[in-house]
Amino acid sequence: MARLLQAPPKFLPTEWDIANKMQCASTESQKSRSERTIAESRRLLDEIEKSTQKTQSDVNKKIEQRQEEIKFWRQELDNKLEQIVHETEVLLTFKTRLEKSLESCKEPLVIAQKCLLNRQRRAGIDLVHDEVEQELVKEAEVLQGVIALLGRTLEQTNEQIRLNRSTKYNLEMDLKDKFTALMIDDYCASLTNNTPDIRYADNAVKTEGNFVSPEDWIDFSNINVEKADKQRNNSLALRALIDSILSQTVNDMRKQCEMVNVAFRNRVMEVKDAKHKLETLLAMRQCAALPSVGFVKVMNETASQEKNIAALRKAIADKEGPVKVAQTRLEARNHRPNVELCYDTVQYRLISEVQEITKNIQRLKDTLAQAETELKGLRRRQLSLEEEIQLKENTLYIDEVLCMQMRESLYINSF
């Protein structure tokens, strides 16, 4: 118990003095370190503040630069979009022109084919592969070629319109993305250290795999711009081609149409002239609108031959009396008696008369047979001419009434 209440040991004055000095030295040392830490902290605060402000300022400038870049490409894309939209609208009008032109080719082709079909109804020798038919066949070929060319051009135009619209879609998507990016960067530019809705964001500095490089970003928009220029230039070239095709095809169709019409007019004149000559040969009268022509050639010749045959028959009949008289005289004189049965001059002359008349009658009969043969030939020729005239009338009806009147409604428009 006595040990437990033992007094603590006492230090020497020197120990106390040393302890005080050590406390003072330790305090001074701690104070110095604290002062250095404070100074370093102030310097660090100032440095970090300046660095943070500089970095933030640099980021703000980068955002501003990025905004300008986006605005530049937005303007470029917007210009190309406006151009491609306008070009597509113009190309659509050209497509309409092509469609109308293609539609307008159908009626001329139908008319040409109907004319060819109608002309197959010509008969006999008039069913000839003449200039009109050649030009009609050529016209049908020209129209079919034009229809095929316009059809191909229309398909090409539809494809170009599709490409223009595809380019327009790509531009619009790029513009939409750029608009969104600009809105985000505008929002970022508006943020300050005192903005109320700023917050910590986990994994904000993480770079996702779908990030692209600035070069790829520029290339993407540049490719869209180049594609827009390419399609616009293609569209311009196509419009020039369409103009050329429409102009050339219209000229070709009009030229061939006129060639057919001229061939029709010439052919109608030829047929009318041939019909007029045949009617003149047949001694037919022209229609009331034309001057009259006299009875000549076949009809006159037929009438003359009929009169000739009648005269020949009458002449043969008229010779019956004289031959009967001569033969009766001869037969009577053959009954003279005895020496009176003399071959005198009368007998000689009577025999000569009978022979002469008989010979003349035979000559008349031969001439009559020949005349009757000629009359049959004339009548066959008359029937042939009448049939030929009917053929010409049928041909004129087909060419002048059916075909030429149908072609009067034919008009080739320019589109």
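Before any of the text, the structure's been laid out above.
Residues numbered from 1 in each chain as written. Predicted model: local features only at pLDDT ≥ 70, side-chain atom pairs only at ≥ 80, totals over all residues. Heavy atoms only, no water.

**Student:** Help me understand the overall build of the protein chain in this model?
**Tutor:** When helices and strands are tallied, the protein chain shows seven helices and zero strands. N-terminal to C-terminal, the α/β element order of the protein chain is α-α-α-α-α-α-α. Compactness check: the protein chain gives a C-alpha radius of gyration of 62 Å against a globular reference of 22 Å for 415 residues, more than 25% above the reference. Taken along the three principal axes of its C-alpha coordinates, the protein chain extends 245 × 50 × 30 Å. Long-range pairs, those at least 24 residues apart, make up 84% of the contacts in the protein chain between residues at least 6 apart in sequence. Split by element, the accessible area of the protein chain, about 28400 Å² in all, is 55% carbon and sulfur. (Helix = DSSP H or I, 4+ residues; strand = E, 2+ residues; numbered from the N terminus. Rg over C-alpha atoms; globule rule 2.2 N^0.38 Å. Contact = heavy atoms within 4.5 Å. Areas by Shrake-Rupley, 256 points an atom, 1.4 Å probe, with all protein chains shown as cover.)

**Student:** Whenever I open this one, empty space enclosed by the protein confuses me. Can you help?
**Tutor:** The rolling of a water-molecule-sized probe over the atoms marks out the regions of remaining empty space. Considering all chains together, one arrives at one cavity of 30 Å³ or more under this definition. Estimated volume of the largest cavity: approximately 30 Å³. Residue lining of the largest cavity: Ser104, Cys105, Pro108, Met253, Ile412 and Asn413, and that is the complete set. Here the residues of the lining of the largest cavity sort into four nonpolar, two polar and no charged. (1 Å grid on protein atoms, 1.4 Å probe; cavity = no way out; pocket = protein on both sides within 12 Å on 5 of 7 lines; lining within 4 Å. Points joined across faces, edges and corners; volume = space filled by probe spheres on them. Nonpolar A, V, L, I, M, F, W, Y, C, P; charged D, E, K, R; others polar.)

**Student:** Looking at this model, I keep getting lost on a negative patch on the surface. Mind explaining?
**Tutor:** Taken together, Glu215, Asp216, Asp219 and Glu226 make up a surface patch of like negative charges. Within the secondary structure, aspartate 216 is located in helix H4 (residues 214–282). Taking relative accessible area as the criterion, aspartate 216 reaches 42% and is therefore assigned partly exposed. (Patch = residues over 30% accessible without salt bridge, like charges linked within 9 Å, V, L, I, M, F, W, Y side chains within 5 Å. Salt bridge = Lys/Arg side-chain N within 4 Å of Asp/Glu carboxyl O. Lys, Arg positive; Asp, Glu negative; His and termini not counted. Charge placed at Lys NZ, Arg CZ, Asp CG, Glu CD. Buried < 20%, exposed > 50% of the residue type's maximum accessible area, 1.4 Å probe, protein only.)

**Student:** Help me understand the nonpolar core, please; the structure alone is not making it clear to me.
**Tutor:** Considering soluble globular proteins, one finds that nonpolar side chains tend to be buried as a cluster. Core analysis: the biggest nonpolar cluster contains 33 residues, and Leu136, Leu150 and Ile242 have the highest contact counts within it. Broken down by element, this core gets its largest block of residues, ten residues, from H4. (Core = buried A, V, L, I, M, F, W, Y, C linked by side-chain atoms within 4.5 Å.)

**Student:** Would you take a moment to explain the packing of H4 against helix H7 (residues 345–408) for this structure?
**Tutor:** Helix packing geometry: the angle between the two helix axes and the distance between the axes. The geometry of H4 relative to H7 is characterised by a closest axis approach of 9 Å and an angle of 155 degrees between their N-to-C directions. Considered as vectors, H4 and H7 are oriented roughly antiparallel to each other. Two packed elements cross with a definite hand, and for H4 against H7 that hand is left-handed. Looking at the contact of H4 with H7 residue by residue, the class counts come to 14 nonpolar, three polar and twelve charged. (Axes fitted to C-alpha atoms, helices over the stretch in contact; angles between N-to-C directions. Parallel < 35°, antiparallel > 145°, perpendicular 65-115°, else oblique. Left-handed = near helix turned anticlockwise from the far one by under 90°.)

**Student:** What is the right way to read the side chain of arginine 119 from this model?
**Tutor:** Topologically, arginine 119 is positioned in helix H2 (residues 106–119). Residue classification places arginine 119 among the buried residues on the basis of a relative accessible area of 2%. Contact partners of arginine 119, with chain neighbours within four places excluded, come to Leu127, Asp130, Val132, Glu133, Leu136, Phe264, Arg267, Ile398, Asp399 and Cys403.

These figures capture arrangement, not role.
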